[in-house]
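Structural overview
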Amino acid sequence: MQLEIRPDPAEVGRARRWARSRLAGSGIAADEPLAETLVLLVSELVTNAVVHTGCPAVLRLFLSGGPAGAATVRLEVADASTRAPVPRCPGDESTGGRGLALVDGLADRWGWCPEGVGKRIWCELDRCATTVDAAETATSRGRSAPAYEGLAYGTCGAYGGLAYGAV
């Protein structure tokens, strides 16, 4: 699924609405933490593309299913700028510059790569069974803690349906 974005700040709201409707069509409720987080990430990445490049962009959303409510949602924003995304350290009084730090804090994984004459910035969120469901699954497997196979982290857990990890 993709949406073409014009270099206009009003496009950020349209991108959020588009993402919400795609998630709802995939069975992810608007009030789920996954949906709320993803919409915030859409807002940040599309804002960066619109504000910092002045070029049209393409927003892509990929939803992959998994066992028992697990899924990975991948968000990509491709633009025609060759400038690499640069995380900043804004001062306390600054009103901007926190977008990539927010992406880094909220996404399970993120990165960027050159694409054609521009670049693609991406992030992924893991959706897994609730903590209770995961604990029941772990207990049935003879384990005492939730198990999240396939996540490349040292310590894993879940909060509000989102997987997290600590290295």
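Presented here is an overview of the structure given in this document.

Rules of the game
Residues numbered from 1 in each chain as written. Predicted model: local features only at pLDDT ≥ 70, side-chain atom pairs only at ≥ 80, totals over all residues. Heavy atoms only, no water. Patch = residues over 30% accessible without salt bridge, like charges linked within 9 Å, V, L, I, M, F, W, Y side chains within 5 Å. Areas by Shrake-Rupley, 256 points an atom, 1.4 Å probe, with all protein chains shown as cover. Salt bridge = Lys/Arg side-chain N within 4 Å of Asp/Glu carboxyl O. Helix = DSSP H or I, 4+ residues; strand = E, 2+ residues; numbered from the N terminus. Core = buried A, V, L, I, M, F, W, Y, C linked by side-chain atoms within 4.5 Å. Buried < 20%, exposed > 50% of the residue type's maximum accessible area, 1.4 Å probe, protein only. Contact = heavy atoms within 4.5 Å. 1 Å grid on protein atoms, 1.4 Å probe; cavity = no way out; pocket = protein on both sides within 12 Å on 5 of 7 lines; lining within 4 Å. Points joined across faces, edges and corners; volume = space filled by probe spheres on them. Nonpolar A, V, L, I, M, F, W, Y, C, P; charged D, E, K, R; others polar. Expected span 1.5 Å × (residues − 1). Axes fitted to C-alpha atoms, helices over the stretch in contact; angles between N-to-C directions. Parallel < 35°, antiparallel > 145°, perpendicular 65-115°, else oblique. Left-handed = near helix turned anticlockwise from the far one by under 90°.

Let's shift gears to a nonpolar patch on the surface. Together, L40, L102 and L106 give the surface a local cluster of nonpolar side chains, amounting to about 190 Å² of exposed area. Mapped onto the elements, L102 comes out in helix α3 (residues 99-106).

Further remarks concern the nonpolar core. The tendency in soluble globular proteins is for nonpolar side chains to be buried side by side. Ranked by size, the top nonpolar core spans 29 residues in total, and within it I5, L45, V46, L59 and L75 carry the most contacts. Mapped by element, the contributors of at least two residues to this core are β1 (2-5), α1 (11-25), α2 (33-53), β2 (57-65), β3 (71-79), α3 and β5 (118-127). Top contributing element to this core by residue count: α2, with 9 residues. Residues within four places of V46 in sequence aside, it is in contact with I5, E11, V12, A15, L59 and V77.

A word on the layout of surface pockets. Its volume calculated, the second largest pocket comes out at about 370 Å³. Lining the second largest pocket are 21 residues, and of these N48, H52, P85, V86 and L100 lie nearest its centre. Looking at the lining of the second largest pocket, its residues break down into 7 nonpolar, 8 polar and 6 charged.

With 15 residues, α1 should cover 21 Å at 1.5 Å per step; its first-to-last C-alpha distance of 21 Å lies within 8% of that length. For α1, the set of buried residues is E11, V12, G13, A15, W18, A19 and L23. G27 sits one or two positions beyond α1 and adopts a positive phi of about 85°.

Moving on: the packing of α2 against α3. It is at 10 Å that the axes of α2 and α3 come closest, and there the two elements cross at 150°. The pairing of α2 with α3 is recorded here as roughly antiparallel in orientation. Seen along the crossing, α2 lies across α3 with a hand that is left-handed. Contacts between α2 and α3 pair T37, L40, L41, E44, L45 and N48 from the former with G99, L100, L102, V103 and L106 from the latter.

Taken N-terminus to C-terminus, the directions of α1 and α2 make an angle of 150°; their axes are 9 Å apart at the nearest point. Between α1 and α2, the interaxial angle falls into the category roughly antiparallel. The handedness of the crossing between α1 and α2 comes out as right-handed. In this structure, α1 contributes E11, V12, A15, R16, A19, R20 and L23 to the contact, and α2 contributes A35, L38, V39, V42, S43, V46 and T47. Considering only residue class, the contact of α1 with α2 consists of 9 nonpolar, 2 polar and 3 charged.

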